[in-house]
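# A closer look at the structure
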Amino acid sequence: MIEFDKVCKTYTPRKGVAVKALKEVSFLLPDTGLVFILGRSGSGKSTALHLLGGLDVATEGKILIDGISTAQFLL
């Protein structure tokens, strides 16, 4: 089971304004079945998938896989 708990992702460029790609997103993905992620362009779908795949790290919040925080995977 995968759980997003109030996950935020902010991209901070060297110059310019910071962009919040995800703002306190929470959801629970079950162990079985199919899940579809739908939304308009720029809504954070790719960012959420990058976080799920471990390609990126959340700025705030927790991502849990079977109750274990993905922050522990970075150690």
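Note that the structure is predicted; figures quoted are calculated from it, not measured. (Residues numbered from 1 in each chain as written. Predicted model: local features only at pLDDT ≥ 70, side-chain atom pairs only at ≥ 80, totals over all residues. Heavy atoms only, no water.)

### Notes on the overall build of the protein
Counting secondary structure elements, the protein contains one helix and four strands. The order of helices and strands in the protein, counted from the N terminus, is β-β-α-β-β. C-alpha atoms of the protein, sized along the principal axes, occupy 40 × 35 × 20 Å. Of all 75 residues assigned to the protein, the portion counted as buried reaches 20%. In the protein, of all internal contacts separated by at least 6 residues, the share reaching a separation of at least 24 is 52%. (Helix = DSSP H or I, 4+ residues; strand = E, 2+ residues; numbered from the N terminus. Buried < 20%, exposed > 50% of the residue type's maximum accessible area, 1.4 Å probe, protein only. Contact = heavy atoms within 4.5 Å.)

### Some thoughts on a nonpolar patch on the surface
Together, Leu34, Phe36 and Leu38 line one region of the surface with nonpolar side chains, adding up to about 460 Å² of accessible area. Take phenylalanine 36: its relative accessible area is 65%, and that puts it in the exposed class. (Patch = residues over 30% accessible without salt bridge, like charges linked within 9 Å, V, L, I, M, F, W, Y side chains within 5 Å. Areas by Shrake-Rupley, 256 points an atom, 1.4 Å probe, with all protein chains shown as cover. Salt bridge = Lys/Arg side-chain N within 4 Å of Asp/Glu carboxyl O.)

### Focus on the confidence of the model for the protein
Here the protein averages 91 in pLDDT, and 97% of its residues register 70 or above. Mean pLDDT values for the elements of the protein range from 88 in strand β4 (residues 68-69) up to 95 in strand β1 (residues 2-11). (pLDDT = per-residue confidence, 0-100.)

### Points about helix α1 (residues 45-52)
The complete set of buried residues in α1 reads Thr47, Ala48 and Leu51. Projected onto a plane normal to the axis of α1, the buried residues spread over an arc of 100° and lie on a single side. On the buried face of α1, the contacting elements are β1, β2 (19-29) and β3 (60-65). One or two residues past the end of α1 sits glycine 54, with phi positive at roughly 80°. (Arc of directions from axis to C-beta.)

### Considering the environment of alanine 21
With respect to the helices and strands, the residue alanine 21 is situated in strand β2. Note on alanine 21: relative accessible area 19%, which makes it buried.

### Focus: the environment of leucine 52
Locating leucine 52 in the fold gives a position in helix α1. Setting aside its immediate chain neighbours within four residues, leucine 52 contacts Ile2, Phe4 and Leu29.

### Structural notes on the environment of histidine 50
Within the fold, histidine 50 resides in helix α1. For histidine 50, the residues in contact, after removing those within four places along its chain, are Leu55 and Asp56.

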